[in-house]
Amino acid sequence: MPELLKIGSWAEDLPDGETPPGVEISSDFREFTEAESVERIVHLAQEVLADPTFPTVRAWRAAGGKAVGCFPVYTPQELIHSFAMLPVSIQGGGENLEISRADAALGSFLCSISKSTLEMALTGLLDPFDAFVFPYICDVSRNLDGIFARVLPQRPSHMLHLPQNFTSPATIPFLVAEYRSLIAKLERVAGRPFSQEDLRASLEVFNEQRALVDRLVVLKRDSPWKVSLVEYYLLLRLGGLLPREVHVPLLRRALAELEGRERKNKDSIRVIVLGPFCEQPTLELLQLVEDVGCYVVGDELQMLHRWCPRIEPGSDPLESLATSYVRTPIDIGVRSTPTTKAAAILARVDASKAQGALFLTAKFCEPALEDVVLYRRALEGRGIPYLHMEFEEKSTTYEQARLQLETFAESILFE
Ligand code: SF4
């Protein structure tokens, strides 16, 4: 395996259509299936994330597969999987991607993920994908769908409407109809018809993944000293980059090691991290949160993999999939039920026995900022301390963040 690559603004210098250099993953994903330790898995995950050329998708294509890129936060990836295509979570370009062309096309007061996603489309980095899905989570994601239709006209882009009213009897039929409209596009891309039996099989694969993810989340909540935040995050993040059939056994092996770990429980405070459900903080920032003495015992990272509990396929698996979205207890900024927010955040604080809340919100992310306003009131009402920090994909200096986090942790520790 090549070592970690630091990739700069090379895309500018490439002739049109030329594939940029990047990390190579074998088409049977041997590196992941044979990774013998959490340390090795984490190293591989860091390599893959440092490389904006989507090495896992290129490996999948080298084996003859098709791939569909899914913008955060929620796409029913089971549907894509049922067509034997690879559903991939597109979560921005990360810190190694230089933004040049997208800056000229988008306003400056927009989140980094919108710019880096467009930059990747304009510079050929998304060429390994056959189609894209943009859930309508905010005005930014809605506009990206339209922009993609113009800049990548040969690759279908679909805007997925998700309901905001969860009590109307029309909600589930509405979502089933939305899924059918997505299915019509997926059929064209995959070149095969939708099958209920295939969806049933995919639901079972995703159920396995959910059960393991749930174990990891419980481990992080109950024994946070056994798994660092960066390890936890990378194990989850791989779930949207690797074929599920590779991620499930990898996560099972990792959990066996992590659950058996003998590590000392430090005198750290327990915090819940709110806000990073779409754009992703850097690994350095996640590391810093725990370095200053916080154990993260609840979070909103990589929510796709824990959107709902097990889905029973039932007689109509498509309806079961839609019902699972509507009935989920998840209450984050892009699935807004403002009237239940206060109770939801307090229940999460109680369940995780958190001593404080850390709002980590992407700069210019309106849904996350709305949550801050609503959650803050509820936290203040119960006297729960909180800190609000903003981040960008290309954050490079953390001195001020370190100072803020240290002050926050000490104020709780010595209160
Ligand atoms: S980071 Fe926030 S504003 Fe930007 S696309 Fe995601 S949800 Fe929308």
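Below, the structure is looked at part by part. (Residues numbered from 1 in each chain as written. Predicted model: local features only at pLDDT ≥ 70, side-chain atom pairs only at ≥ 80, totals over all residues. Heavy atoms only, no water.)

## Overview of the packing of helix 9 (residues 196-222) against helix 10 (residues 229-238)
Between helix 9 and helix 10, the shortest axis-to-axis distance is 11 Å and the interhelical angle comes to 170°. In this view, helix 9 runs roughly antiparallel relative to helix 10, as classed from their interaxial angle. Across the interface between the two elements, V213, L216, V217 and K220 of helix 9 pack against L229, Y232, L235 and L236 of helix 10. Looking at side-chain class alone, the contact of helix 9 with helix 10 contains seven nonpolar, no polar and one charged residues. (Axes fitted to C-alpha atoms, helices over the stretch in contact; angles between N-to-C directions. Helix = DSSP H or I, 4+ residues; strand = E, 2+ residues; numbered from the N terminus. Parallel < 35°, antiparallel > 145°, perpendicular 65-115°, else oblique. Contact = heavy atoms within 4.5 Å. Nonpolar A, V, L, I, M, F, W, Y, C, P; charged D, E, K, R; others polar.)

## Quick look at the pattern of salt bridges
As enumerated under the stated definition, the model contains 23 salt bridges in all. The closest approach of N and O atoms between K115 and D103, which form a salt bridge, is 3.9 Å. You can see K115 sitting in helix 6 (residues 112-122) and its partner D103 sitting in helix 5 (residues 101-105), a full twelve residues away along the chain. Salt-bridge contacts for E290 lead to K220; the nearest nitrogen and oxygen are separated by 2.7 Å. One end of the pair, E290, is in helix 12 (residues 283-291); the other, K220, is in helix 9, and 70 residues separate them in sequence. Here E290 and K220 have matching classes, each one buried. Through salt bridges with shared partners, a single ionic network connects E24, D51 and R58. (Salt bridge = Lys/Arg side-chain N within 4 Å of Asp/Glu carboxyl O. Buried < 20%, exposed > 50% of the residue type's maximum accessible area, 1.4 Å probe, protein only.)

## What about the site of the ligand?
Inspection of the region around the ligand gives F71, C111, I113, I137, C138, V140, C278, E279, C365 and P367 as its neighbouring residues. A per-class count over the shell around the ligand returns nine nonpolar, no polar and one charged. (Near = heavy atom within 4 Å.)

## Details of the sheet that holds strand 1 (residues 67-70)
Taken together, the four strands give an open sheet; going across it, the order is 2-1-3-4, and neighbouring strands pair in parallel fashion. Looking at which strands have only one partner, the edges of the open sheet turn out to be strand 2 (86-89) and strand 4 (157-160). Looking at each pair of strands side by side, their axes are set apart by 25° on average, direction ignored. Pairing geometry for strand 1 and strand 3 (residues 131-135), over three bridges, is parallel. Bridge pairing in strand 3 links V68 to A131. The strands that helix 3 (residues 55-62) touches are strand 1 and strand 2; relative to strand 2, the one it contacts most, it runs at about 170°. (Pairing = 2+ DSSP bridges.)

## Comments concerning the nonpolar core
Judged by nonpolar contacts, the single largest core of 126 residues is most densely connected at F32, V73, L79, L126, F129, Y179 and Y325. A total of nine residues in this core trace back to one element, the largest contributor, which is helix 8 (residues 171-190). Beyond its immediate chain neighbours, meaning those up to four positions away, Y325 contacts Y74, L162, P163, F166, L175, Y179, W307 and R335. Grouped together as the second largest cluster of nonpolar side chains are 15 residues, I272, V349, A354 and A378 included. (Core = buried A, V, L, I, M, F, W, Y, C linked by side-chain atoms within 4.5 Å.)

## Some remarks on the pairing of strand 3
Among the five residues of strand 3, five are classified as buried, and the element is accordingly described as predominantly covered. Burial along strand 3 is two-sided: A131, V133 and P135 and F132 and F134, pointing in opposite directions, are all buried. Sheet topology note: the strand 3/strand 4 ladder contains four bridges and is parallel. Residue pairing for strand 4: V133 is matched across the bridge by H158.

## Regarding the side chain of S116
Relative to the helices and strands, S116 resides in helix 6. Under the relative-accessibility criterion, S116 is labelled buried at 0%. From its side chain, S116 meets the backbone nitrogen of G93 in a polar contact 2.9 Å long. Ignoring any residue separated from it by four or fewer positions in sequence, one finds S116 in contact with G92, G93, L97, I99 and E393. (Polar contact = N/O pair within 3.5 Å; in protein donor to acceptor, adjacent residues only side chain to side chain.)

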